[in-house]
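The primary structure of each chain is shown beneath.
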Amino acid sequence: FYATYDLRLFKWGKIIKPLELITTKVATQSALSVVALVVSNGWADAASFFSSASSDDLRLVTYVTLWSGFVVNAVAPYLQVGGQQAVGPARAQIVYASQPLWAALMSLVFLGETVGVQGVAGGVTFLGAMFLAATADVPDPDCEVDICEV
């Protein structure tokens, strides 16, 4: 489903300014999160947590909320709009899809994980697909037709 977000972002990113687009996205996500909290009866659990939390717990929740709310859900998507307009949704999806490859490499380096023959074959195959996507023609961000990618 995330790929459909990339396609919509490429379309609407040409029509609406990035700040307005991301502000609307974040406000909608926040409103839906509050609705989900109320509908799931999580409001009582949240109130219980905050009433019994220590000041250290509250400080930690504040930092995590600011990081998640501002950096992850505001700054990164704002930068994504401009970046994706430059590379197009197909190339953007290749970058997003590379997350398991990066996770495997980081676990190899930092956690001492091992990679088997099938893992290496999958990684090489994925790198080949990335190469093909990276060498394709870049779409025109000012394209006025429905299909802008080559």
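This text follows the structure it describes.
Keep in mind that what you see is a predicted model, and the values were worked out from it rather than measured.

Conventions adopted
- Residues numbered from 1 in each chain as written.
- Predicted model: local features only at pLDDT ≥ 70, side-chain atom pairs only at ≥ 80, totals over all residues.
- Heavy atoms only, no water.
- Patch = residues over 30% accessible without salt bridge, like charges linked within 9 Å, V, L, I, M, F, W, Y side chains within 5 Å.
- Areas by Shrake-Rupley, 256 points an atom, 1.4 Å probe, with all protein chains shown as cover.
- Salt bridge = Lys/Arg side-chain N within 4 Å of Asp/Glu carboxyl O.
- Helix = DSSP H or I, 4+ residues; strand = E, 2+ residues; numbered from the N terminus.
- Phe/Tyr/Trp six-rings, centres within 6.5 Å; stacked < 30°, edge-to-face > 60°.
- Buried < 20%, exposed > 50% of the residue type's maximum accessible area, 1.4 Å probe, protein only.
- Axes fitted to C-alpha atoms, helices over the stretch in contact; angles between N-to-C directions.
- Parallel < 35°, antiparallel > 145°, perpendicular 65-115°, else oblique.
- Left-handed = near helix turned anticlockwise from the far one by under 90°.
- Contact = heavy atoms within 4.5 Å.
- Nonpolar A, V, L, I, M, F, W, Y, C, P; charged D, E, K, R; others polar.
- Core = buried A, V, L, I, M, F, W, Y, C linked by side-chain atoms within 4.5 Å.

**A look at a nonpolar patch on the surface**
Now for step 1: On the surface, Trp102, Leu105, Met106, Leu108, Val109, Phe110, Leu111, Val115, Val120 and Val124 cluster together to form a nonpolar patch covering roughly 1000 Å² of accessible area.
Now for step 2: In terms of residue count, helix H5 (residues 99–111) provides more of the nonpolar patch than any other element does, seven residues in total.
Now for step 3: Along the chain, Val115 falls in the loop between H5 and helix H6 (117–134).

**Some details on the packing of aromatic side chains**
Now for step 1: The full count for this structure, using the stated rule, is one aromatic pair.
Now for step 2: Plain terms: the ring middles of Phe49 and Phe50 are 5.2 Å apart, the flat faces sit at 75 degrees to each other, and that makes the pair edge-to-face.
Now for step 3: When its relative accessible area of 37% is taken as the criterion, Phe49 is described as partly exposed.

**Focus on the packing of helix H4 (residues 55–97) against H6**
Now for step 1: Contact geometry for H4 and H6: axes closest at 10 Å, N-to-C directions at 155 degrees. Considering their axes alone, H4 and H6 lie roughly antiparallel with respect to each other. The crossing of H4 and H6 is left-handed. Contacts from Arg91, Ile94 and Ala97 of H4 reach H6 at Phe126, Met130, Ala133 and Ala134.
Now for step 2: Considered class by class, the residues forming the contact of H4 with H6 number six nonpolar, no polar and one charged.

**Topic: the nonpolar core**
Now for step 1: One finds Tyr5, Leu9, Leu21, Ile22 and Val81 forming the largest nonpolar core, which totals five residues.
Now for step 2: Looking at this core, the elements with two or more residues in it are helix H1 (2–15) and helix H2 (18–39).
Now for step 3: With sequence-adjacent residues up to four places away left out, Ile22 is seen in contact with Asn73, Ala74, Pro77, Tyr78 and Val81.

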